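Structure at a glance
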Amino acid sequence: MTTTTGVTSARIPAEQRGPGLDRDAVRLLVSRGTEVSHHAFAELPGQLRAGDLLVVNTSPTLASAVDGRVGHARVVVHFSTRGDDGRWAVELRDPDGKGTTRARAGGPAGTEVRLPGGVRLVLEEPLTARGQRLWWGRLPGADVLGLLRRHGRPIRYSYTERDQPLSVYQTVFALPSADGSGSAEMPSAARPFTARLVTELVSRGVQFAPITLHTGVASAEAHEPPYPERYEVPEVSARLVNAAKAGDGRVVAVGTTAVRAVESAVGADGVVRARKGWTDLVVTPERGVRVVDGLLTGLHEPEASHLLMLEAIAGGAAVDRGYEAARSGCYLWHEFGDVHLILP
């Protein structure tokens, strides 16, 4: 474990912390308004009830970090998002000598990165006018997904202890995409779920609604708002959400990605419809939520834009109380850490 900005980060996955442990060997903080309680994640079925609906992200995680060179300098390219025009949104980072990376100034336009197998990446323009961290780049004639399969590794940051196999970054809900696309970083709120736990939830009458949202590269240092991401809410999941809202069930999103997807598919009439494409939705307290009643999520840094989403769902007082309890209880942060269930 390592401590940054007053919080303790999980350095390795739960199942590697001791013999006989599985992914669900993490803690579960439950917030109902400003009341909090402490549980093991395996106790999640007892916190939900028959008729509740969990919205889960089926996006698989890609091996999105690839070594390259700009001139004589070594760089690491984080492949974030594939655009409709064949370009990729990428972030260039500097190796830190410890197996991870540190932030690097973006650009300039025309920068050429040499990648394994003779592949060239040419930076063209910043992804948005907000900053220079992510750039659109073109890889002439390259099979980028093949490049990632052959030469990529999962993105990891300095709070983790060592490289992990890609399987560690796949959730139990991950499904291969028809076109091979996926997430640059794991939709990590679902990581503690095991097949055994899913079976118990189903047996208790909890339902699951799959959605897909391919996550881009997080802004580990800058805490920028989320960028547009590709998503799909299928017809069957839209029907499940609407049925839960019409009955006594609560719609609980597993991860902020699930919130973003389902809230992007709701109309002004409050009805969720099948939808796919790009979403640039940023859920804030001012915008509020129209579908989601609760959220299961990891613990985010105090500066993270995700906290605005939590406030939209639970209110500022509840989020403050939950995070106060997580800090005083020494909960573990980040993708291998503990989780927070926010309920009405």
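Structural notes, computed from the coordinates. Bear in mind that the values here come from a model prediction, so they are computed numbers and not experimental data.

Some details on helix 2 (residues 144–151)
- If you check which residues of helix 2 are buried, you get Val-144, Leu-145, Gly-146, Leu-147 and Leu-148.
- In the core, the buried residues of helix 2 are packed alongside strand 6 (65–70), strand 7 (73–82), strand 8 (88–95), strand 10 (112–115) and strand 11 (119–128).

Some thoughts on helix 5 (residues 256–264)
- Taken across its 9 residues, helix 5 has 9 buried, putting it largely inside the fold.
- The set of residues buried in helix 5 consists of Thr-256, Thr-257, Ala-258, Val-259, Arg-260, Ala-261, Val-262, Glu-263 and Ser-264.

Looking at the side chain of Glu-185
- Checked against the element boundaries, Glu-185 lands in the loop between helix 2 and helix 3 (195–203).
- If sequence neighbours within four positions are ignored, Glu-185 has contacts with Thr-61, Ile-155, Tyr-157, Thr-215, Gly-216, Val-217 and Ala-218.

Looking at the packing of aromatic side chains
- On inspection of all chains with the given rule, the structure shows 7 aromatic pairs.
- Where Phe-173 meets Phe-208, the ring centres are 5.7 Å apart and the plane angle is 40 degrees; that geometry is what we call tilted. Note that Phe-173 is positioned in the loop between helix 2 and helix 3 and Phe-208 in strand 13 (residues 207–213), a separation of 35 residues in sequence.
- For Phe-173, a relative accessible area of 11% puts it in the buried group.
- Taking the relative accessible area as the measure of exposure, Phe-208 reaches 18% and is therefore buried.
- Ring centres of Tyr-323 and Trp-333 lie 6.0 Å apart, and the angle between their planes is 75 degrees; on these two criteria the pair is classed as edge-to-face. On the criterion of sequence distance, the pair formed by Tyr-323 in helix 7 (residues 316–328) and Trp-333 in strand 18 (residues 332–333) is long-range, its members being 10 residues apart.

Brief notes about unusual backbone geometry
- Here Gly-107 and Pro-108 are connected by a cis peptide whose omega angle stands at 0 degrees.
- Assignment of secondary structure puts Pro-108 in the loop between strand 9 (101–103) and strand 10.
- Phi at Cys-330 takes a positive value of approximately 55 degrees, unusual for a residue other than glycine.
- Mapped onto the elements of the fold, Cys-330 is located in the loop between helix 7 and strand 18.
- Using a relative accessible area of 53% as the deciding quantity, one classes Cys-330 as exposed.
- The phi dihedral of His-334 falls on the positive side, at around 80 degrees, and the residue is not glycine.
- Within the secondary structure, His-334 sits in the loop between strand 18 and strand 19 (339–343).

About the criteria used
Residues numbered from 1 in each chain as written. Predicted model: local features only at pLDDT ≥ 70, side-chain atom pairs only at ≥ 80, totals over all residues. Heavy atoms only, no water. Buried < 20%, exposed > 50% of the residue type's maximum accessible area, 1.4 Å probe, protein only. Helix = DSSP H or I, 4+ residues; strand = E, 2+ residues; numbered from the N terminus. Contact = heavy atoms within 4.5 Å. Phe/Tyr/Trp six-rings, centres within 6.5 Å; stacked < 30°, edge-to-face > 60°.

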